[in-house]
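# Reading the structure
Each chain is listed here by its residues.
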Amino acid sequence: MTGPIRMTDPSPSALIGAALLAAGRPVTVAELAGLLTLPPESVVQAMTTYTQALAAADAGFTVEAVAGGYRLVVLPALAAHLAPILSPPPLPALSAAALEVLAVIAYRQPVTRAEIEAMRGASAGTVVTLQERELVKVLGRSDAVGGPLLYGTTDKFLLEFGLSSIKDLPELEGTGFSHLLRG
């Protein structure tokens, strides 16, 4: 039996992999640059090398750019095979109304509840559900009379939808997103 592996001078790839695994959240290039004491450009190159090494090793996971950082994820083709051991069970799917409200908030943030309701032509009661699921948060108050709350999306929203930033939302077709609304 062999003893523990001792890494006296770990490679950037080894540190990147260990950092992504240990963090359990997306890790930014700036954080990795500080950890590796490398310029950001070198970190991006090391990340590319690490991702290619994972693919070549048939490791079963890869690096995903999401929420302004990088994280390790199971290859989508393998996710169904792992369903029996994954926990916790997924939350029920969002209703069509909740998805409509989430779309309005994502594309128009910061936005008030009254603005959401005016765009939808229906109540925005699902804002509370979206807040409970940590997809939406209060960003502040509007300067309008009464100071209504302003809503926007969270980092968890970016994670759940696989986006690096809100700028990665797909372009809206035509003159807006009326095709997403039923009101």
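The coordinates are above.
The sections below set out a description of the structure shown in this document. (Residues numbered from 1 in each chain as written. Predicted model: local features only at pLDDT ≥ 70, side-chain atom pairs only at ≥ 80, totals over all residues. Heavy atoms only, no water.)

### Things to note about the overall build of the protein
Along the backbone of the protein there are 8 helices and 5 strands. Helices (α) and strands (β) of the protein occur, in sequence order from the N terminus, as α-α-α-β-β-α-α-β-α-α-β-β-α. Residues counted as buried form 32% of the 183 residues belonging to the protein. Within the protein, residue pairs in contact and separated by at least 24 positions form 49% of the contacts whose partners lie at least 6 positions apart. Counting only carbon and sulfur atoms, one obtains 59% of the accessible surface of the protein, whose full area is about 11,400 Å². (Helix = DSSP H or I, 4+ residues; strand = E, 2+ residues; numbered from the N terminus. Buried < 20%, exposed > 50% of the residue type's maximum accessible area, 1.4 Å probe, protein only. Contact = heavy atoms within 4.5 Å. Areas by Shrake-Rupley, 256 points an atom, 1.4 Å probe, with all protein chains shown as cover.)

### Concerning the packing of aromatic side chains
To describe a pair of aromatic rings, you give the distance between the ring centres and the angle between the ring planes. Applying the stated criterion across every chain yields a total of 1 aromatic pair. Here F157 and F161 contribute two aromatic rings whose centre-to-centre distance is 4.8 Å and whose plane-to-plane angle is 40°, an arrangement assigned as tilted. On the basis of relative accessible area, F157 is assigned to the buried category, the value being 3%. Given the relative accessible area of 42%, F161 is considered partly exposed. (Phe/Tyr/Trp six-rings, centres within 6.5 Å; stacked < 30°, edge-to-face > 60°.)

### Considering helix 5 (residues 96-108)
For helix 5, which comprises 13 residues, the first-to-last C-alpha distance of 18 Å matches the rise-based estimate of 18 Å (1.5 Å per residue) to within 8%. Among all positions of helix 5, only A97, A98, E100, V101, L102, A103, V104, I105 and A106 are buried. On the buried face of helix 5, the contacting elements are strand 3 (111-112), helix 6 (113-120), helix 7 (127-132), strand 4 (136-141), strand 5 (149-153) and helix 8 (155-160). (Expected span 1.5 Å × (residues − 1).)

### Quick notes on the sheet that holds strand 4
Spatially, 3 strands are ordered 3-5-4 in an open sheet, and the strand pairing comes out antiparallel. At either margin of the open sheet sits one strand with a lone partner, and together these are strand 3 and strand 4. Note: strand 3 against strand 5, 2 bridges, orientation antiparallel. Within the sheet, the bridge partner assigned to V111 lies in strand 5 and is Y151. (Pairing = 2+ DSSP bridges.)

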